Structures are given as structure tokens and as C-alpha cells.
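Residue-level structural notes
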Amino acid sequence: MPVERVVFALNGRRYEVAGADPSTRLLEFIRTQTPFKGTKLGCGEGGCGACVVLIAKYNPKTEEVTEFTASSCLTLLYSIHFCSIITTEGLGNTRDGFHAVQKRMSGFHASQCGFCTPGMCMSIFTSLVNADKSKGPKPPKGFSKLKVSEAEKAFSGNLCRCTGYRPIVDACKSFASDVDLEDLGLNIFWKRSDKNPDEIKSSHGHLNVDCIAASREGWYHPRSIKEYYDLINSSLWNDSIKVVVGNTSTGVPGYKDQDLYKNYIDIGGIPELSNIVKRESGIQIGAATTISRTIEILKQECESISSPNGSVVFMKLADHMSKVATPFVRNTASIGGNIILAQRRTFPSDIATILLGAGATVCLQVVAEFVQITLEEFLEQPPLDPTTLLLSIFIPHWVSDNQPETSLLFETYRAAARPLGNAVSYVNCAFLGHSSVDQQSDTLVLSKLRLAFGAYGTEHAIRAKKVEKFLTGKSLTASVVLTAIQLLRETIVPMDGISHREYRVSAAIGFLFSFLSPLAKDIPEPGKALTSGSADSADRDDVRNLPVSSRRETIPNDDYKPVGEPLKKYAVELQTSGEAVYVDDIPAPKNCLFGEFIYSTQALAFVKSIKFKSSLASEKIIDVVSAKDIPSGGENIGSTFTYGDEPLFGDPIAEYAGQALGVVIAETQRYADMAAKQVIIEYDTEDLGPPILTVEEAVEKSSYFEVPPDLYPKEVGDVSKGMSEADDRIPSTEVKLASEYYFYMETQTALAIPDEDNTMVVYSSSQYPELAQSVIARCLGIPFSNVRVITRRVGGGFGGKAFRSFQVATAAALCAYKLRRPVRMFLNRNTDMVMIGGRHPVKANYSVGFKSNGEITALHLELLINAGISPDASPLIPGTIISSVKKYNWGALSFDIKVCKTNNTSKSVMRAPGDTQGSLIADAVIEHVASVLSVDANSIRERNFHTYDSLQLYYPDSAGEASTYSLHSIFNRLISTSSYVDRAESIKQFNISNKWRKRGISCVPGIFRAEQRAAPGRVSVLNDGSIVVEVGGIELGQGLWTKVQQMTAFALGKLWPDGIEGLLERVRILQADTLNLIQGGLTAGSTTSESSCAATLQACNMLIDRLKPVSDKLQQQSKNVSWDTLIAQAIKENINLSASAYSVPGQDSSKYLNYGAGISEVEIDLLTGAITLLRGDLVYDCGKSLNPAVDLGQIEGSFIQGIGFFIYEEYITNSDGLMISNSTWDYKIPSVDIIPKKFNAEILNTGYHKNRVLSSKASGEPAVVLASSVHCALREAIRAARKEFANSNGSGSSPLEFQMDVPAPMTLVKELCGFDIVEKYLRSLSTYERSAEE
Ligand SMILES: Cc1cc2nc3c(=O)[nH]c(=O)nc-3n(C[C@H](O)[C@H](O)[C@H](O)COP(=O)(O)OP(=O)(O)OC[C@H]3O[C@@H](n4cnc5c(N)ncnc54)[C@H](O)[C@@H]3O)c2cc1C
Ligand code: FES
Ligand code: FES
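Reference entry: report on the structure contained in this document. Along each chain, residue indices are assigned from 1 in the same order as the chain's sequence is written. Lettering for chains starts from A, numbering for ligands starts from 1, and both go in the order in which the items are written. Only residues with pLDDT of at least 70 are given local features in this predicted model, and only at 80 or more are side-chain atom pairs given and counted; all residues enter the totals for whole chains, interfaces and linings. Values shown for side chains rest on all heavy atoms present in the structure; no hydrogens or waters enter the calculation.

On to the environment of Phe-1008. Secondary structure elements follow DSSP: runs of H or I no shorter than four residues count as helices, runs of E no shorter than two count as strands, and numbering proceeds from the N terminus. Take Phe-1008: it is sitting in strand 36 (residues 997-1011). When a residue's accessible area, from a 1.4 Å probe over protein chains only, is under 20% of the maximum for its type it is buried; when over 50% it is exposed; and in between it is partly exposed. For Phe-1008, a relative accessible area of 4% puts it in the buried group. Separated by 257 residues in the primary sequence, Phe-1008 and Val-1265 have C-alpha atoms spaced 8.3 Å apart. Residues contacting Phe-1008, with those up to four places away along its chain left out, are Ala-912, Asp-915, Ser-1086, Tyr-1152, Leu-1153, Asn-1154, Glu-1261 and Pro-1262. Here a residue-residue contact requires only that any non-hydrogen atoms of the pair lie within 4.5 Å.

Here is the structure:
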């Protein structure tokens, strides 16, 4: 009996849904059709974890409930029939009390902007629930059976752009029964006396209803192969239809849905696809089995096999599979689905490669025929169509040939940008073989080899048969290994167009060498040591498998309580429980429509026409809004700042790839997104000439933005004189820094609602609502007073929601204006990445003169900054770059800086804009000088540190008093507390004794010039004594509201009788509203918290002045005057209980310097280029911190974000300048598995500073610059490698001098170490020489 509905429970409520579009995702349903908004959309492609929910599934046969995480952005609504779904609201909330996970995330300061937090909570919660199902003694109350070593894996794959992960690891570790509480970082959760932390509630309901055949509308769920073919052969097949199991392939590039589907066939219910059959010869796994379940089965099988050899293959397969995707993808992704992806179109599958290596076979149903073939044959077939069903995969048991002297070998490897967290392989392999000893030569001989390689830019995984054949029966020697590698080079030929071709081949060679070299007698010991750390095998002594540990120290500040206390973040529990409201969580008003941009894919071209393909998605288009819809009197403006405007739409010319051309309007966000994909744009480039895409082209055409003279930085001293005094000079050397994308977890979003009398209310996720208001008003041609921009909280900004947010807010407003209906826009992650821009790329050229003792006498810089199409804030960047370069005393410093106008997306401010690039440029010069003089870079740094006198010369407006210059003491403190000298020495030893792994260490100082700006604040006391505060600053996750709340309590505490007990809870901070509190300004530059606190303090003091006389009068009657009595009396006396202030910093106090230093220690694997951050140590001067927990969070988070910029994040554009690394697949921000294994951060309280807000200092940005220490340490490690192999790849005449640009990912590390080092090494072995001579 067909039942046209889907039934499930969501947070304990029963839902029955009929008539939903079958392409609806679970996330979309939860967010738009239920009151629960906690589950967030971060990427829509399974790559970030913001949408993670727990799914509980009841198996009526076994009466068991399985609970697992899933990415609800990929899970189809209809596939959760009879499941129970838990979102973070279901764990706990304001009304029912918060769950232990939520409380610990709050108490450990593990949530900043909060956008990732609900997903984190669900991943951690599910890990605890599943850990507790394992055998073993019951843990004490408040703890779980989870182990410390498993804590960070609990949320691997969940991305967080704010915290740097450390506090999240700590929150999760706090549940582990083997945790040492002393190891946990700063938190307010654990009180030492706390013996009874909250119990971990894990009970929740499930629907234990027997599964019944339920054919939902457009959703077909065949129960047999026959039913499947009946469907395939029916008239249905002519209609738009999709076959699915987990539907995770819709997150995979090349497999993402390009159109909507009307019908789905879910084949997961066909018994043959779910069966697990264990035979003596091997195990048959149904194709619909999830990857997670397959891992479990393989592990169970290992335990049940008596032969030690027999289990090797299964164990390694399971280990390798646990690095595929993320836990929440593996839990729903089927193993068969993976192999089908690998078979149909080029997909860098791990599973196909390792199963090929393991000799798997597959069972297929091809219409009426049942076929069993090898996986190899299957992969080689032409792409399959739905008439073929993959039924199962058979993995044989491999045992040694009953001869005791033969042993079975099996290894798998993968080279990927992240070891655990969601990164497909550049190359992967699996090697199987048998080895035996050749008695005559006493060498090992291999037989029955299977050498499988995949993902290197091949259509599908292949076996290197020539290599297998060559190796079979040969005595393994260095020369045989070398010949095998040469043969492999001929076999592994990446297809055209694939990135990193040489790298992939070289890594594949490294893997084969790893496999063979321990077996070859004449490859000496250091070569054998290579296996540890050279691959991702968990059973090796791999530094990457070490658990993360940390130390966080703050020096408390009791002077202005509660200011200075590490209080938890304001409203943080709401963030953990998903009740915190972001723009997209505001319920859509009646009649709301949704928009998505269409953008140009060409730079500099006339847009001749905009059409749409004929498709289901195109049918959803309600309207297309473009420049012609701008009302008369309005302007085509999408952004502005002091230095110029930027248009909203490219009209009539698209000036750069990624420029908005219009907005597609539809009834849901998904329809709008999908419809925007259908666009066909016709361009015409006639008469336009070529676009300017590079800074070199800009120079050729003198295409620059003007930098006003007062912004152009000041040179110091006489560089020609400095150069003439030098003993040595490095002439004109280049270093390049690429762009960085913001990757805030909440993409750009706005909701525009037309209101009466030609007014508009716009909810915008903006760091600068005041300017958003003016851009919207100018676009619509209405007075500023007709536009109200409201911003409550922002899910991460990092500068990207300053000027870049205006375009989205303005486009939404224009659409709402035209359509007279509310319009919401929540940019698709890929669109956001393509359109929004990012950090400024810089090409630097330096010439430096220095004395033989390391003293630098002169530095000249030539800087080309790529600003993109509009000026935005780019004229400020020369100043910030040079400010950071000035951290050393260069003797004399001169520069020539050009801000280039190019046909690219506009580059804008990003956390420590310019300072970040400047810091690296300065240290690249220092390192270069050190390498020329062959001395430790630190000695050059110290020799060129500023004296206070030179500091004043370099920073005349901000050097402050001599007593505040703390950099020397910070540097020395860091050197001693982190045992730098001893570690540097042991690194030297390590590098001598390890051929294939090298380490490097570097200590980098940072000076960051901060500038306070004017800011408004209003404090009002309501009739019941509760207090509301409004400030200009926006809460972006940086803890601004928390500091403002503390400041209010500190200031009003003077009239609060019981210390400040109970006062904090009475303070509420309100959202920013441009018509309520004007002159809100820009939240950026790290000082907005201070400025907002200063305004709050002033407003509070005004209230105190008004209330004090009332209080004094009351005190004459009674000593203890309660706050409520005071307020009641003040109301009677008509006292104005609302005070507004506009805090304007004094001329001489608005600018000051922040100091900090960071040490990084890294290890590289020369065979793959893999980078492991072994340790990071930071010391940072925070003045008197307003909230040490908040400041530490900012410092750690910015350091990790900096690591992303310097090492991992590759901003890649095509030949038109279009960003093509525009997804979580190609753009890798740091995940928990790549942060330093040991991470120690300390903030110093350097005491009283009369000019600053309660002596505090900024913390939001400066630590980004310290992450350049990772780049420098990496350079040291590479230098050691190049020394070992006398490699002089790259620029520079000696192996020790080379250019290393930013970022420096593993592919570049490998390149700089040498793509050919394995061959070089093997050639160098005397055995080879001898055999070659023979
Ligand atoms: C974020 C992310 C990261 C990933 N990382 C990796 C990685 O590192 N390494 C890796 O190897 N893979 C990776 N994958 C791929 C992942 O393993 C596959 O998406 C998944 O296994 C597909 O299974 P599914 O059940 O979701 O397939 P679906 O999406 O449901 O189906 C995929 C396609 O296969 C067809 N199909 C499925 N099963 C059968 C069958 N039995 N017979 C015939 N046709 C069938 C369907 O018609 C459909 O066209 C990643 C995926 C995501 C989303
Ligand atoms: S939104 Fe689902 S994983 Fe990113
Ligand atoms: S707190 Fe994790 S993304 Fe902001």
C-alpha cells in the first residue's frame, strides 16, 4: 500500500510529511519547516560539519538502535523514514536545561562566533554515546568511556575558523575517563573541588515502528532487484530520476546535482545490496553498506582470524578507510557508491585503489544477468548506466603460501592535504605481495605482487603491471628498486589539466620506495627509518598520530573586577544549543523570496545576453533582478569606502570574473541556487582589449590606485648610505604571497523586508552596518533614514563582512524593493568563494645590505599589491605592510609600493591586513641574511631588534613610553620557557640521524600597530532594574559583548551593594540597529571591543553621576540600598535612566603597539612533503586583559588562521582570474588534525597604561603575524633536506638559498626538497654504482 508521507521524530517530536519535493535535504527541512535552527549550513557539500545531526535508526529484526552522525546537507529527507533525529536543541536548551556537552563547550570557551558549535556538539555527543556502548568498566559520573586519544577524532571533519580547535579538544577531553584534569586548558567548567560534574544524558527516543514499504511521492524504494528493474523499465525512467543510496555524491565535485530531480530510487533496501556474507575465502560486503559499517566489519573480521597474516589486509583496509572523508560522511556514504563514482567519471577514490590492491572482485546485476568480475575489469568498463546494479564487493582473505618462510606484505598509503580531516588524495596506493628469502643471495624476493595506484590524475585506479612483473622473483637490491621506480615513472602519467602532476608522480615513487626499501638489504638504515611518518598508517610511530596537548597561561588582573576575569562568553550557551539567532535563523516572513547571484566567468567583457538552460531548475525562476531594476534616482552601487565606490552589478561590462550580473529569484534558497547554475551568459570582448590580471600587467599599463600622501608610509634614514656601509648585499630577491579567502563559517547573508513609506529593514551579517545602510539607500535612491540595518551577531567575519557584506545586503534590498516582497539571500559557499575576494596578494622584491656581524644597514623594498577591481580599503595596505616590516631595525628603510588595479575580485581587509604579509617579508629577509652568513636566524633577529630609540624613529606616533616596550622581554621569556636552545640543538641531531624526515624551528617576533577609533554606546536601566546596553561594535565571535557586559558590571558595580554579585546577569546587550544608535562605525582592527567598552564606561559613568545623589540620599535612611530600590527611587525622581556616549580617543593615545612572539617547530616528510606542526609556543602582551579567556581564544584562533594562510590555503584562479579552488574540496583551512601537537600560549599582563581602556590591549588580529614562524620553521626543515640531498631546486645558487612563497603546502615542500631525491639517493648507493658498472 503506497504511503505518501515520510515519518520521523525530530528532537522527540513526531513529524509526518506528505508531498514534499523528494530532492529536499534534511537540513533544508529542519531549518525551514521546524522551529529548530541550530543545525547550520556551512558548505552544502559534506565538507564542514556545521550541519551534523544525530540519526538513530531502529532495526526491527535485531531490535537494535544504531546512532550515528550525518551531514544533513546531503541527506535526503525521504531517506530518514522511521528514524529519530537529534539536533543540538534536542540535547538541551534554555527551557529544559543545557546538556553536559553544551555546558562544557561553554565553560571551556570553545565557542566564539558559534556557527560551527551546534555541529561540534553533535559530533562530540555522538562519539560519547557510541564510546559508551563499547565494552569496559563503567566510567565515573560525568565521564565517558571515550579515551583522551580519541577526543580530537570525535570531531575530525568539523571545521571551525575561530577557535583554533584547542578549547574544543579540551572540552571533549574533559569527558574522557583517562583525562588528567591538569592537562585541560583555562576553563570555568572544572572547579577543582567539583567531584560530581553533570551526568552525560544520552537517552533519547526513537521510533520503533516496524518498517513498512512506503512509497513517498517521487521516492521509490524497491525491495528486490526485480522491483528495481521494473522501475527502470517503466515510463518513470523518461522522467528526471536519480538512483541513490547515501546521496553523498551530491557533495562531490563532478557529481554535484546540476539540476533538480523529480524522482528518486533509493536502492538501499534491496537485500542483496545489504548482505554481509563471511566465507572462508573472504568476505562479501553488500554495496549499500556504509563505509563506517565496512570499517567495523573489517575490524571484527581481523579479530576473528587466527592467522596473523590473514588479518593484515583487513586491518590496513579499515585503517585507510577511516581516513576517507569524515565520520559524518562515512556514516551514510556507501562503499558501492564510492566505487561507482570511481568507475563512472574520474574520481580520486581511495576505496577503489585499496580494494584493487587487495584483489577484490565485484558482483553485478546487468538487467537479467548476474556477473562476477574482478574490480580491475569493472573499473576498465565504459561508464556504467543505471541498468547495471553493483550488488556486492568480495575481499579475499590473503594468507601466506603455507610455507613458513613466506610472509604476506600489505601496505596502503595516501598523500593528502590533511591527514584525517576530509581531504581527497593527491595519490593513493595499496601494495600486496609475498616475500621469501632467496637462500643463495640472502636477499628477499617478492612474488604475487599487486601494486595499485590511484587518484594521481588517472581515469581510475590501475595496477602497475610492468613494475609488478619486473619485481617478481628479483632479489631486492637498491638497483632493482631504482629500476622499478623508473618503470613506475613511465606508468604513472597524470592526465593533462590535473594539478601538481610532478608532485603526484614523485609521491607515488616515495610510497613504492617506502614499501620496498625496508626489504632491500643494501639500502642502509637511515633509508629504513623512512617508513615512520612517511605514510598515514596508524600502526607506525607517526608523529601525526600523537594526541594534542596544550598549556595556556594568563596572569590574572584583579583591579577592575569583573573586568579582567576569564568569564565565559556572553550568551554562549545559546550558541551551543542552537538558540542563538543569526541572520538566516530569523524566520522567513510571509511571502519571502530567495535570491542567488549570477556572476561573470570572464574578466572584461560586454554581457550580451543572460539566458537560462531549459531545465527543471530554470522552471523555478520567479524573476531575475539586474542593474536595469535600480530605481531612478538610485545608483548602481554595491560597496563604498573613503577611496571610492564599487558597482553592484557589472553593467554593461563585466569587469572581472566573479562580478555579479544579476540575482535569480525563486521560492526557496535551494531553488535559487540551482536556478543560478542554469545560466548561460553570452559575452563579447570586441574592442575591449585584454584584461589586466596580474600585477606585472598592471605595471605595464600603469594601472594603479592612488595612495593619499598621508597614508603612504614613511621611509627611515638614507638607504644608499646604509648600502654603502654594508659588508655584503643581497640584490633584488623576490617573495610572493598569494590571497587568502575568509572562510567565515556563515557565508554572506541578508534578509530585506520592505516596510511602510518607502522604507526598508535589512538584517545583514555585516561588520559595518552603518555603511551598509548608506550603500543600500544610495542604490535605492532613498534617504539614509529610510533604511534600517540590523545586525545581531555574525557567524565569523575576519574582515570579509566589512566592505564585502554591502553587496549582498544591497542586492537583497534591491530585489525586495522591486518585488515588494521580503527577499533573503544566503550565499552558496562556492558563490561566496568566487565573488567575495580576500586578502591582498603581494609580490615583494627586497635588496638588503648587512655587516658581517649580522647588523642590517639598509633595506629597500619594492612591493606590488594586487588590489583587484575597486579601491575598497586597499590604499591602507601599504601602511600596514610597512608597519609590520618595521618590527626590525633595518638601519635605513626605503620602499616603492604600487597598489595595482586589476580585473580581479576586489581584495579587502582580512585579519591583520597587510601586517601578515609584512611580517613574512621581514622574516624572509632576516632568514636570507642568516643563510648567507651561515648563522642561526635568531642571532640576526636579536642583533636587529629595535632599541627604544630606534623604535621611536620607526613608530613615531605609536611607540609609547620606554617602559611599555616589552618585545625584548617577551622574546627572551619565550626562548627560555620553550627551551628553544635545547630544542634547536636536538633538531640538529634529529636531522643528522634521519634521512627522510627533517625538522625546523623558528622564533618570530611581532609588532602590531593598533589604532582606537571613536565609538558610540548607550546604557539604559529599565523599570525593573535590568540593564540594556547598545554599542556600535558588532559581535563577530571576538567576545565584544562579553567585554561590554563586564565593563557595564564594573562601572555600575559602584552602586551595587553586594560587590557585583548578580549584576552581570542583569545586563543585556542589544543588537546593532543603525537607526537606534548612529555612528556605529566599522568593527575591525582589533580595537572595537576596547572602543565599545570605553563608550560603555562613559555612559555608565553618566548614569552613576545621575544616580549617586539619589543613592546618597537613600543611604541616609538605610545603609544597604539595593539596586532595585535605587532605581525605583530614581524613576520617582524623573531621573533620565538612559545615557549615551560617543567615545573619541585622544590624539596621542589612539595608536599603540602590540608585542608578541611565537616559536614553531615543524617536521616534514621528504617522501610526501607532509608537514606536521610539532609544537607552537606563543607569548603575547595583552596589557591588562579585559578577559583573559576571550583574549587567549583570539590569540590562538588567529595564530591557527595564520597557519592556514602561510601553509595550507591555496587560492587558485584560472586564466580568467576566476577562483577555482572554490569549495571545501580544494580550499583547505586548518582542521583539528593539523594544529600543533603541543600548543602553549601565554598572555602577559604588562601592567598599567594610562591611555588605554582599563590598560587593555587588542588581541583579535596581532597573533596572525606570529604564524609566519611556521613558514620560517618549514624553511629551516627544507634547508636541512636540501643540504642532505645537495638539492638546488628553485631560485638561488646554493641549495640553502631558495625562494619559498606563501602558501607553502606539502606539494611545494616536496618540490623544494626535490622531486627526484629517491632516485638520486638510490643512484648514490654504491651497490647501484657497482651494478651499473657491471
Ligand atoms: C565530503 C566528502 C569527502 C569525501 N572524501 C573521500 C575520500 O577522501 N576518499 C574517497 O575515496 N571518497 C571520498 N568521498 C566519496 C564518498 O566515499 C562517496 O561520496 C560515497 O561513498 C558515495 O556513496 P553514496 O551511498 O552516498 O552514493 P550516492 O551518492 O547515493 O550515489 C552515487 C552514485 O552511484 C550510484 N550508485 C550507488 N550505489 C550503487 C550501486 N550499488 N549500484 C549501482 N549504482 C549505484 C548512484 O546512482 C549515484 O549515481 C567523499 C565524499 C564526500 C561528500
Ligand atoms: S553544511 Fe553540511 S557539511 Fe558543511
Ligand atoms: S566558533 Fe567555530 S567557526 Fe566560529
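As a further point, take the environment of His-1271. Mapping His-1271 onto the fold places it in helix 36 (residues 1268-1285). Residue His-1271 is classed as buried on the basis of its relative accessible area of 1%. Separated by 109 residues in the primary sequence, His-1271 and Val-1162 place their C-alpha atoms 9.2 Å from one another. Not counting residues within four places of it along the chain, the set of residues in contact with His-1271 comprises Leu-920, Phe-1206, Ile-1207, Met-1300, Asp-1301, Val-1302 and Ala-1304.

We define proximity as follows: a residue is near a molecule or strand when any one of its heavy atoms falls within 4 Å of that partner. Within the structure, ligand 1 sits among 37 residues, and Val-245, Thr-248, Ser-249, Ser-334 and Asp-350 are positioned closest to it. In this structure, Thr-248 approaches ligand 1 through a side-chain N or O atom, which is 2.6 Å from an oxygen atom. By the criterion applied in these results, polar contacts are pairs of N or O atoms within 3.5 Å in which, for protein atoms, one can donate a hydrogen and the other can accept it, and in which residues neighboring in sequence qualify only through two side-chain atoms. Here an oxygen atom of ligand 1 sits 2.7 Å away from a polar atom, N or O, in the main chain of Asp-350. Relative to its free-state accessible area of 980 Å², ligand 1 is covered by the protein chains to the extent of 97%. Counting residues per element, the ones that place at least two in the shell around ligand 1 are strand 7 (241-244), helix 11 (335-344), helix 12 (350-357) and strand 13 (388-396). At five residues, helix 11 tops the list of elements feeding residues into the shell around ligand 1. Gly falls in the polar group here, along with every residue not listed as nonpolar (Ala, Val, Leu, Ile, Met, Phe, Trp, Tyr, Cys, Pro) or charged (Asp, Glu, Lys, Arg). Class assignment for the residues of the shell around ligand 1 results in 22 nonpolar, eleven polar and four charged. The protein chains shown are the only cover counted for residues, whose accessible areas, like all others here, come from Shrake-Rupley with a 1.4 Å probe.

Before going further, it helps to spend a moment on the sheet that holds strand 38 (residues 1027-1031). DSSP-based pairing: two strands are paired if at least 2 bridges between them are found. Read from one edge to the other, the open sheet built from four strands follows the order 39-38-37-41, with strand pairing classed as mixed. On the outer flanks of this sheet lie strand 39 (1067-1069) and strand 41 (1138-1143), each paired with one strand and no other. Strand after strand, the sheet turns through a mean of 20 degrees between neighbouring axes, direction not considered. Sheet analysis places strand 37 (residues 1015-1021) next to strand 38, joined by five bridges and oriented antiparallel. If you follow Ser-1020 over to strand 38, its bridge partner there is Val-1028. To obtain an axis, a line is fitted to C-alpha atoms, over the contacting stretch when the element is a helix, and the angle between two such axes runs from 0 to 180 degrees between their N-to-C directions. Helix-sheet contacts for helix 31 (residues 1040-1052) involve strand 37, strand 38 and strand 39, and the interaxial angle to strand 38 is about 130 degrees.

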